[in-house]
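Here's the letter readout for the chains.
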Protein chains: 2
Amino acid sequence: MFRLNQDYLKLPGSYLFSTIGKKAGAYRAAHPDRTVISLGIGDVTQPLVPAVIDALHRAVDEMGHAETFRGYAPDLGYAFLRDVIAGWDYRKRGCEIAPDEIFISDGAKGDSANIQELFSADAQIAVCDPVYPVYVDSNVMAGRTGTYDAEKGTWSRVIYMPCTEENGFCPELPEKEPDLIYLCFPNNPTGSALTKDQLQVWVDYANRIGAVIIYDAAYEAYICEENIPHSIYECEGARTCAIELRSFSKNAGFTGTRLGFVVIPKDLKSGDVMVHSLWARRHGTKYNGAPYIVQRAGEAVYTQQGQEQIRAQVAFYMENARIIRESLKKTGFTVYGGVNAPYIWMKTPDGLSSWEFFDRLLEDANVIGTPGSGFGPSGEGYFRLTAFGSRDNTIEALDRIRRFYE
Amino acid sequence: MFRLNQDYLKLPGSYLFSTIGKKAGAYRAAHPDRTVISLGIGDVTQPLVPAVIDALHRAVDEMGHAETFRGYAPDLGYAFLRDVIAGWDYRKRGCEIAPDEIFISDGAKGDSANIQELFSADAQIAVCDPVYPVYVDSNVMAGRTGTYDAEKGTWSRVIYMPCTEENGFCPELPEKEPDLIYLCFPNNPTGSALTKDQLQVWVDYANRIGAVIIYDAAYEAYICEENIPHSIYECEGARTCAIELRSFSKNAGFTGTRLGFVVIPKDLKSGDVMVHSLWARRHGTKYNGAPYIVQRAGEAVYTQQGQEQIRAQVAFYMENARIIRESLKKTGFTVYGGVNAPYIWMKTPDGLSSWEFFDRLLEDANVIGTPGSGFGPSGEGYFRLTAFGSRDNTIEALDRIRRFYE
């Protein structure tokens, strides 16, 4: 008689955003007359930019003619895309990353969930707290995280690195030595960023103890300040300790178009074995490439025109971030983030728990955000708003919040 | 110090089609004057049909306007696609499958590699021999397959079910009871098909012993004969023992467009737990949906016009299959398959091994096929040709083969 993967069954409840979706759905069904505005899930609302739309149409036309039709893509992605990424995202910033160290995928969520597969079953992971849930959940499903303490909301074999007001949402080096360190900067959910010097401390630490940093740079396009690294490879020594995850979702609005990539330098090794080889093998066996038309769309992002258009879109969202930040401050909330990231991390008022505030905000203002505690125990008492709404919705949501809480 | 997943390192050599690609590349580089024709990897060559191209253009236009732009897709796929699949592929054939038992994905390769994750680490798998390599390799990477016998090319904990001339390439029930049974019919690589009665034996067996059948129906569109089931759910009792994998790659030419789906009936349970819930959880945590534009393309396949157009394309490839089959027979080869499947399974001449014949065919006729032994030990002495070439290439390749072997 077949048996199920018991590690899957350890996962408590369902994925954070599914829970929010269900709560929102129930509220909408019960109050069809009210307009609920979501600043919750990090989904974009602006259309794909013209350069990308044009590239998609051209690629679709190619697929309609035998002479230009494309079947299976190269395992690791088309050279035309890997080349422009290596040039624009790395060479231009002084990072030494070759095109064949870049693996094209259908997005960073899957990559961040799958990357753990390359490591031993007993690898000890360290995560920021609060944290994007996928890092931990994917390791739970792989049986790496020990037992769950439902009261604390923590796993016995996970090293949590609190990111709090006290340390400016910058994690401190853990006491116990991890094998894998997940870092996401600019950070989801706190909206904080690390300076190059701060990140260099982590690179040096990882090299010293022989750990791998899985660096999620999905929000690098939102960096506005100087001296904040866009890639971990701006730090010296990162080629021997770091994997970088990138996404087209937030810089170019590809949440529903799906494209991302992983960078694994060939210098990252365990003994003689390159981590690069294992990921290549995983791609070859478990994946069949991102769609040709979507890879062409990604290429268009790296044209002069494409860059100008997506920068304007990022600036639009960052103006939303400014509006949210300023409005919440004026209303009297304590607010973080929103300067180098599209996320605003606010303290809940009146000592409310994150979910209590979620329910109240939904009820009072018909606004949806994300409870900080959904990202980990140190997120309790916080609440995340995103800058990805339309301008009108963002302003309207903040007006409603001000009305109830001023 | 971090360590790698030792199960990954157990995989002998690289993925079959990567090896073929490298050999072909080396030959082409050494003989730039010769035209090499590939009837090897199962990649289509006909363009996407007009109904699909139109749907893609329309969807791309939607993505260019804020009012019709789509961000993250629903975890399990858009209802518009799941509804038409449930109608056309199942209700029309008398199979009771609900839209919410269908999970949209980016293709059957990933699904067939990932589905094993839902089951216990010690689950015993049974596979046909020869077999599509991904079923076994994904289980090797999950540590389920024991030790490798390099001489035999087999794993100690895998139950192999030989499919040979003697049993008409229809596997016999194994002596040892498996937990997971991988079946692919119409079959890759042998091109054989099972009748409904033959498949019913497997469904009854799985229900009796409490096993799960993972039924890969990627080639159902190629079925030409009566009484060959297009879905395992045509068999009585399949809802309590079978998962079905489907693909748009071979019926609609989506190898480079990427779309597939998995069917998991809610009646498939271990104790009280639905397998369906675990796959839903996997989608929610590790996957972010197929691109909107590609899901619209999939929807177009299920229109009257789309169906007529893809049927014409399948008929085109099946005419290739007929040409290959007839020509090889006339040349004196022993040939199987090619009637309900786009694959022709030929015996190698003169007692050559599969790889010896591969090398000779490449050298003599500049034609690439796939060595049968690459699919498992019982594939030794066989060779696979595919019907996915253009008409001219197919005829030319067979002419060359005839010239050398007649």
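The model shown is predicted, which means the values in this text are computed figures rather than measured ones.

What counts, and at which threshold
Residues numbered from 1 in each chain as written. Chains lettered and ligands numbered in written order. Predicted model: local features only at pLDDT ≥ 70, side-chain atom pairs only at ≥ 80, totals over all residues. Helix = DSSP H or I, 4+ residues; strand = E, 2+ residues; numbered from the N terminus. Rg over C-alpha atoms; globule rule 2.2 N^0.38 Å. Buried ≥ 20, exposed ≤ 12 C-beta atoms within 10 Å, placed from the backbone. Contact = placed C-beta atoms within 7 Å. Nonpolar A, V, L, I, M, F, W, Y, C, P; charged D, E, K, R; others polar. Pairing = 2+ DSSP bridges. Least-squares fit on C-alpha atoms with pLDDT ≥ 70 in both. Domains from an automatic or database assignment. Core = buried A, V, L, I, M, F, W, Y, C linked by C-beta atoms within 7 Å. Expected span 1.5 Å × (residues − 1). Arc of directions from axis to C-beta. Axes fitted to C-alpha atoms, helices over the stretch in contact; angles between N-to-C directions. Parallel < 35°, antiparallel > 145°, perpendicular 65-115°, else oblique.

Trainee: How do you make sense of the overall build of chain A when you look at a structure like this?
Mentor: Helix and strand counts for chain A stand at 13 helices and 17 strands. For 406 residues, the compact-globule estimate of 2.2 N^0.38 gives 22 Å, and chain A sits close to it at 21 Å. Among the 406 residues that make up chain A, the fraction classed as buried is 55%. A fraction of 72% describes how many contacts in chain A between residues 6 or more apart in sequence connect residues 24 or more apart.

Trainee: Honestly, the interface of chain B and chain A in this entry has me stumped. Any pointers?
Mentor: Accessible area lost on assembly of the parts is the figure often given for the size of an interface. On the side of chain A, 67 residues touch chain B, which itself brings 67 residues to the contact. Counting residues per element, the ones that place at least two in the side of chain B that touches chain A are α1 (6-9), α3 (50-63), α5 (108-114), α6 (133-141), α8 (275-286) and α9 (292-301) of chain B. Partitioning the side of chain B that touches chain A into residue classes produces 33 nonpolar, 23 polar and 11 charged.

Trainee: Which parts of the structure should I look at to understand the pairing of strand β9 (residues 242-247) of chain B?
Mentor: Walk down a regular strand and you will see the side chains alternate between the two sheet faces. Residues and elements named next belong to chain B. The element β9 is extensively covered by neighbouring structure, given that 6 of its 6 residues are classed as buried. What you see with β9 is no split at all: Ala 242, Glu 244 and Arg 246 on one side and Ile 243, Leu 245 and Ser 247 on the other are buried throughout. As paired elements, strand β8 (residues 212-216) and β9 share 4 bridges and run parallel to each other. Counted as the bridge partner of Tyr 215 is Glu 244 from β9. As paired strands, β9 and strand β10 (residues 260-263) are joined by 4 bridges and run antiparallel to one another. Opposite Ser 247, over in β10, you have Gly 260 as the bridge partner.

Trainee: Explain the relation of the copies chain B and chain A here, please?
Mentor: Two chain copies here: they are related by a rotation about an axis and a translation along the same axis. Overlaying chain B with chain A gives an RMSD of 0.0 Å, the required rotation being 180° about an axis along which the chain moves by 0.0 Å. Considering both components of the superposition, the chain copies are consistent with a two-fold axis. Identified as the residue of chain B closest to the rotation axis by C-alpha distance is B:His57, at 3.1 Å. Taken together, the interface assignments show that 100% of the residues at the interface of chain B recur at the interface of chain A, consistent with an identical surface on both copies.

Trainee: Teacher, can you tell me more about the sheet that holds strand β14 (residues 343-347) of chain A here?
Mentor: Strand pairing in a sheet takes place through backbone hydrogen bonds and is either antiparallel or parallel in direction. Residue and element names in this part refer to chain A. With respect to topology, 4 strands assemble into an open sheet ordered β13-β14-β17-β16, the strand pairing being antiparallel. The open sheet has two edge strands with one neighbour each: β13 (335-337) and β16 (370-371). Pairing of β16 with strand β17 (residues 382-386) involves 2 bridges; the strand directions are antiparallel. Bridged to Pro 371 within β17 is Phe 383.

Trainee: What's the story with the domain arrangement of chain A in this structure? I'm lost.
Mentor: Residue and element names in this part refer to chain A. The domains assigned to chain A are domain 1 (6-47 + 306-405) and domain 2 (52-303). Elements represented by at least two residues in the side of domain 1 that touches domain 2 include exactly α1 (6-9), α11 (304-331), β13 and β14. When residues in the side of domain 1 that touches domain 2 are grouped by element, the largest group, 6 residues, is from α11. For the side of domain 1 that touches domain 2, the class distribution of residues is 18 nonpolar, 13 polar and 4 charged.

Trainee: I would appreciate a short explanation of the nonpolar core in the present structure.
Mentor: The nonpolar side chains of soluble globular proteins are, as a tendency, buried together. The biggest cluster of nonpolar side chains holds 262 residues, and the ones touching the most others in it are A:Val127, A:Ile213, B:Val127 and B:Ile213. For B:Val127, the residues in contact, after removing those within four places along its chain, are B:Tyr135, B:Val136, B:Val158, B:Tyr160, B:Met161 and B:Tyr182.

Trainee: Please explain helix α10 (residues 292-301) of chain A as it appears in this structure.
Mentor: Residue and element names in this part refer to chain A. Most of α10 sits inside the fold, with 10 of its 10 residues counted as buried. Of the positions making up α10, those classed as buried are Tyr 292, Ile 293, Val 294, Gln 295, Arg 296, Ala 297, Gly 298, Glu 299, Ala 300 and Val 301. Tucked into the core, α10 has its buried residues touching α3 (50-63), α4 (79-90), β2 (102-105), α8 (249-252) and α11.

Trainee: Help me understand helix α13 (residues 391-405) of chain A, please; the structure alone is not making it clear to me.
Mentor: Residue pairs spaced three or four apart in an α-helix point in one direction, given the helix's 3.6 residues per turn. Residues and elements named next belong to chain A. The terminal C-alpha atoms of α13, which comprises 15 residues, lie 21 Å apart, in line with the 21 Å expected from a rise of 1.5 Å per residue. Buried within α13 we find Thr 394, Ala 397, Leu 398 and Ile 401. The arc that holds the buried residues of α13, viewed along the axis, is 95°, so those residues lie on one side. Exposed side of α13, more than 90 degrees from the buried face: Asp 392, Asp 399 and Arg 403 are the residues found there. Tucked inside the fold, the buried residues of α13 contact β1 (37-38), α11, α12 (354-365) and β15 (367-368).

Trainee: Sorry if this is basic, but what is going on with the sheet that holds β9(B) here?
Mentor: Residues and elements named next belong to chain B. Taken in spatial order, the 7 strands make up an open sheet running β2-β10-β9-β8-β7-β3-β6, and their pairing is mixed. Looking at the sheet topology across the chains shown, the edges are occupied by β2 (102-105) and β6 (158-162). With strand direction ignored, the average angle separating the axes of adjacent strands in the sheet is 20°. Pairing between strand β3 (residues 125-129) and β6: 5 bridges, direction parallel. Note that in β6 the partner of Val 127 across the bridge is Tyr 160.

Trainee: Just to check I follow, could you spell out unusual backbone geometry for this structure?
Mentor: Excluding glycine, residues mostly carry a negative phi; peptide bonds, for their part, are mostly trans. Residue and element names in this part refer to chain B. The omega torsion across Asp 129 and Pro 130 is 5°, close enough to zero to call that bond cis. Secondary-structure assignment places Pro 130 in the loop between β3 and α6. Put simply, Asn 188 and Pro 189 share a cis peptide bond, and its omega is 15°. Despite not being glycine, Phe 169 shows a phi value in the positive range, around 60°. Judged by local crowding, Phe 169 falls into the buried class, with 23 C-beta atoms found within 10 Å. Backbone geometry at Asp 350 places phi at a positive 55°, although glycine is not the residue there. Assignment of secondary structure puts Asp 350 in the loop between β14 (343-347) and α11 (354-365). Classification of Asp 350 by C-beta neighbours within 10 Å gives exposed; the count is 8.

Trainee: Please explain the packing of α3(B) against helix α10 (residues 304-331) of chain B as it appears in this structure.
Mentor: Packed helix pairs are characterised by how far apart their axes lie and by the angle those axes make with each other. Residue and element names in this part refer to chain B. Between α3 and α10, the least distance of the axes is 8 Å, while the angle of their chain directions is 130°. Here α10 runs oblique to α3, going by the angle between their axes. On α10, the residues touching Pro 50, Ala 51 and Val 52 of α3 are Gln 305, Gly 306 and Gln 309. A per-class count over the contact of α3 with α10 returns 3 nonpolar, 3 polar and no charged.

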